[in-house]
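Architecture at a glance
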Amino acid sequence: MNNHSLMQRDLAVLWHPCTQMHDHEQIPIVPIAKASGVWLTDFDGKRYVDAISSWWVNIWGHANPHINNAIKEQLDTLEHLILAGFSHEPIVTLSEKLLALAPKGLARCFYADNGSAAIEVALKMSMHFWHNKGETAKTRFVSLSGSYHGETLGALSVTDIPLFSQTYASLLTQQYRVPSPDWTQAPDGVTPEAFARQQFLTMESLLAEKHDEICAVIVEPLIQGAAGMKMYHPVYLQLLRAACDKYGVHLIADEIAVGFARTGTFFACEQANICPDFLCLSKALTAGYLPMSVVLTTDTIYQGFYHPYATFKGFLHSHSFTGNPLAARAALASLELFALDPQLQRQQQINAVLTQALQPLQQHSHIANIRQTGTIAAFDLVQDKASKTPFDWRERRGLQVFQSALAKGVLLRPIGNTVYFMPPYVITDDELRWVVEVAAEAVDEATYAPASGSDVGVSLP
Ligand SMILES: *Cc1c(COP(=O)(O)O)cnc(C)c1O
């Protein structure tokens, strides 16, 4: 087996996610034979650092010995079990541990098997809760501009990335959308905090006016990932929590991308010192090993469904693989690795190394909006630095950065004109510095050269 032969076989049978397959007439698929730690190895022996944690999921590196052993042991004990009416040890222990780590006030865990499904669960639970209380006019949701909550139809209805949603508009429900506190949109001289407060005014007035028909507000705390790692000040979450309480609206925190210490605290909500009504987790939950998601919610929500005879008042949602023991065991093994470093010192160190490594890029004439929250950092490729005018997306500069970095042995996957870093926590300081250096070289190559992109493509998250 070599790269070429696997690529040929792949292109004959696969349809890849989030991909215009025609692009692969020019852009080779990258076949990976094996991986260890942060390193991926292809069939020709070339190695790549996985600097985006394989789509934001792999926090402890590939083939992590501790997680591998836990799964192997579980495999010979109990591989899968129906979770309706039955239970098993890994799922109970995992629930206890997640609730102990989560913001105080969350009391119940409801499992699903991917991020979008967790969002569907939270949306349905919120609406159903109000329905059970007789508040049947509450049927709508509020999300932020640039939001991403997944791509199943319910989740897509609260997602604001037209590239993903526009085509399906007639299948989607109409929901409210308010301007994002993303500080890259702040006018010069306005601090991120002032901008967050200012942007909140629209949210406040919408809730004041329409709370009778609104079930919940859904946000990605601190970082809007798929929008291009757009970051905002935690004060927005504080104001939002207070307004949701004031107007009787639920708050759904979608920490699918930012949970598990990505932002420097175990959950991003901690930085605003708030507890949401629903906390959605997936991606890093199993350290990127197996599909699993969970919605943590409060006892108030739980009690709203508890009834001696009305079956319809119960939450009758299910997925076949809900609470899979192998996935639960992988998640537990990941939490054990966190327990070795309860102060999250490794994540603080990654934060510091990233900040320092990005410093020289401040001067780069085609880089703007360098930003960072914990272990996630990003910058935008701009045509003109003074006005921060981005490159025309049709030039596919982000894709050129991807190709250039890949040739040098680093897996980056820019989103449009945004280059970001989201490394596994097991990356060494030197590897991380090297990754940023390679990114800078790739940016040089992608921005000094004339545009070579086709005029139809766009680089996708
Ligand atoms: C990835 C993601 C989702 C969807 O999760 P999937 O497992 O891909 O369905 C939802 N919300 C956020 C913030 C995400 O980053």
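Residues numbered from 1 in each chain as written. Predicted model: local features only at pLDDT ≥ 70, side-chain atom pairs only at ≥ 80, totals over all residues. Heavy atoms only, no water.

**Focus: the overall build of the protein chain**
What counts, and what does not: For helices the rule is a DSSP run of H or I covering at least 4 residues; for strands it is a run of E covering at least 2, with both sets numbered from the N terminus onward. Here the globule rule reads 2.2 Å times residues to the power 0.38, and the radius of gyration is calculated from C-alpha atoms. Partly exposed describes any residue whose relative accessible area lies between the buried limit of under 20% and the exposed limit of over 50%, with all areas from a 1.4 Å probe on protein chains only and scaled to the type maximum. The criterion used for residue contact is that any of the two residues' heavy atoms lie within 4.5 Å. Only the protein chains shown count as cover for residues, with accessible areas throughout obtained via the Shrake-Rupley method and a probe of 1.4 Å.
Within the protein chain, the secondary structure is distributed over 14 helices and 17 strands. The C-alpha radius of gyration computed for the protein chain amounts to 22 Å, which stays within 12% of the reference 23 Å derived for 461 residues, consistent with globular compactness. When the backbone C-alpha atoms are referred to their principal axes, the protein chain occupies close to 65 × 55 × 45 Å. Taking all 461 residues of the protein chain together, the buried fraction comes to 55%. Here the contacts in the protein chain between residues at least 6 apart in sequence split such that 71% fall between residues at least 24 apart. About 19900 Å² of surface is accessible on the protein chain, with carbon and sulfur atoms providing 55% of the total.

**Some points on the sheet that holds strand β6 (residues 176-178)**
Formally: Here a strand pair is declared whenever DSSP counts at least two bridges between the two strands. Between N-to-C directions, angles span 0 to 180 degrees; the directions come from axes that are lines fitted to C-alpha atoms, helices contributing only their stretch in contact.
Pairing in this open sheet of 7 strands is mixed, and the strands run β4-β12-β11-β10-β7-β5-β6 from one edge to the other. With partners counted over all chains shown, the strands left at the sheet margins are β4 (106-112) and β6, one partner each. Across the sheet, the mean angle separating the axes of adjacent strands is 20° when strand polarity is ignored. The pairing of strand β7 (residues 214-219) with strand β10 (residues 250-254) spans 4 bridges and is classified as parallel. Residue pairing across strands places A216 opposite H250, the latter belonging to β10. Against the sheet, helix α4 (residues 89-101) engages β4 and β12 (293-298), with an angle of about 135° to β4.

**What to know about the domain arrangement of the protein chain**
Short version of the rule: For the domain bounds, the source is a domain assignment made automatically or taken from a database. Accessible area, probed at 1.4 Å, shrinks when two parts are joined; the buried area is that loss added up over both. For the purposes of these results, a polar contact is taken to be a pair of N or O atoms within 3.5 Å, where, inside protein, one atom must be able to donate a hydrogen and its partner to accept one; residues adjacent in sequence count only when each atom of the pair is a side-chain atom. In the scheme used here, Gly and all other residues not listed as nonpolar or charged are polar, with Ala, Val, Leu, Ile, Met, Phe, Trp, Tyr, Cys and Pro taken as nonpolar and Asp, Glu, Lys and Arg as charged.
According to the domain assignment, the protein chain contains domain 1 (3-63 + 343-447) and domain 2 (69-339). The interface is formed by 31 residues belonging to domain 1 together with 27 residues belonging to domain 2. Taken together, both faces of the contact between domain 1 and domain 2 bury some 2400 Å²; the carbon and sulfur share is 66%. Counting every contact that joins domain 1 to domain 2 gives 10 residue pairs in polar contact (both at pLDDT 80 or more). The set of elements that each furnish at least two residues to the side of domain 1 that touches domain 2 consists of α2 (53-56), α12 (345-358), β13 (367-373), β14 (376-384) and β17 (418-421). It is β13 that contributes the most residues to the side of domain 1 that touches domain 2, 5 residues altogether. In terms of residue class, the side of domain 1 that touches domain 2 is made up of 18 nonpolar, 12 polar and 1 charged.

**Thoughts on unusual backbone geometry**
For residues that are not glycine, phi is negative in most cases, and the peptide bond is trans in most cases. The residue L222 is not glycine, and still its phi comes out positive at about 70°. Turning to its location among the elements, L222 is positioned in the loop between β7 and β8 (223-224).

**Digging into the site of the ligand**
Our working definition: The nearness test applies per residue and asks whether one of its heavy atoms lies within 4 Å of the molecule or strand.
If you check the shell around the ligand, you find W56, N114, G115, S116, Y148, H149, G150, E220, D254, I256, A257 and K283 and nothing else. D254 places a side-chain nitrogen or oxygen 2.7 Å from a nitrogen atom of the ligand. With respect to the ligand, the side chain of K283 contributes an N or O atom lying 2.6 Å from an oxygen atom. In the complex, the protein chains occlude 82% of the 380 Å² of accessible area that the ligand would expose alone. Per-class residue counts for the shell around the ligand are 4 nonpolar, 5 polar and 3 charged.

**Topic: the packing of aromatic side chains**
Definition in use: Between 30 and 60 degrees the pair is tilted, below 30 it is stacked and above 60 it is edge-to-face, where a pair is any two Phe, Tyr or Trp rings, Trp via its six-membered ring, whose centres lie within 6.5 Å. The rule for a charge over a ring is simple: NZ of Lys or CZ of Arg within 6 Å of the ring centre, and within 35 degrees of the ring normal.
According to the stated counting rule, one finds 17 aromatic pairs in the structure shown. Residues F305 and F315 carry aromatic rings whose centres are separated by 5.9 Å and whose planes lie at 80° to one another, so their mutual orientation is edge-to-face. With F305 in the loop between α10 (299-303) and α11 (325-339) and F315 in the loop between α10 and α11, the pair connects residues that are 10 residues apart, well separated along the chain. Across the pair, exposure class does not vary: F305 and F315 are buried alike. A connected cluster of aromatic rings, assembled from ring pairs, spans W60, F260, F266, F267, F338 and Y425. Seen from the ring of Y302, R108 lies directly overhead, with NZ or CZ sitting 3.8 Å from the centre. Cation over ring: R140 sits above Y176, and NZ or CZ is 4.4 Å from the ring centre.

**Here we look at the pairing of strand β11 (residues 278-281)**
Side-chain alternation along β11 places F278 and C280 on one buried face and L279 and L281 on a second face that is also buried. Across 3 bridges, the pairing between β10 and β11 is parallel. Each residue of the ladder has a partner; that of D254, found in β11, is C280. In terms of strand pairing, β11 meets β12 through 4 bridges, oriented antiparallel. Pairing of C280 across the sheet is with V295, part of β12.

**Some remarks on the packing of α4 against α11**
Under the convention used in this document: Should an angle fall under 35 degrees it is taken as roughly parallel, and over 145 as roughly antiparallel, whereas 65 to 115 is taken as roughly perpendicular and any remaining angle as oblique. Handedness of a crossing follows from how the near helix is turned relative to the far one, being left-handed for an anticlockwise turn of less than a right angle and right-handed for a clockwise one.
At their nearest, the axes of α4 and α11 sit 9 Å apart, and the two run at 40° to each other. Classified by the interaxial angle, the pair formed by α4 and α11 is oblique. In this structure, α4 meets α11 at a crossing whose hand is left-handed. Where α4 approaches α11, its residues P90, I91, T93, L94, K97, L98 and L101 are matched on the opposing element by P325, A328, R329, A331, L332 and L335. A class-by-class count of the residues in the contact of α4 with α11 yields 10 nonpolar, 1 polar and 2 charged.

**Focus: helix α5 (residues 115-132)**
Rule in force here: Multiplying 1.5 Å by the residue count of a helix minus one yields the expected span of that helix.
For α5, spanning 18 residues, the distance from its first C-alpha to its last is 25 Å, which sits close to the expected 26 Å at 1.5 Å a residue. Burial analysis of α5 places 15 of its 18 residues in the buried class, the great majority of the element. Its side-chain oxygen 3.0 Å from the backbone nitrogen of S116, N114 forms the N-cap of α5. Looking one or two residues beyond α5, the residue adopting positive phi is G134, at roughly 90°.

**Focus: the sheet that holds strand β16 (residues 410-411)**
Sheet architecture is open: 4 strands sit in the order β1-β2-β3-β16, paired in mixed fashion. The strands lining the two open edges of the sheet, one partner per strand, are β1 (32-36) and β16. Both strand β3 (residues 47-50) and β16 contribute to a ladder of 2 bridges, which runs parallel. By the bridge assignment for β16, V49 is matched with V410.

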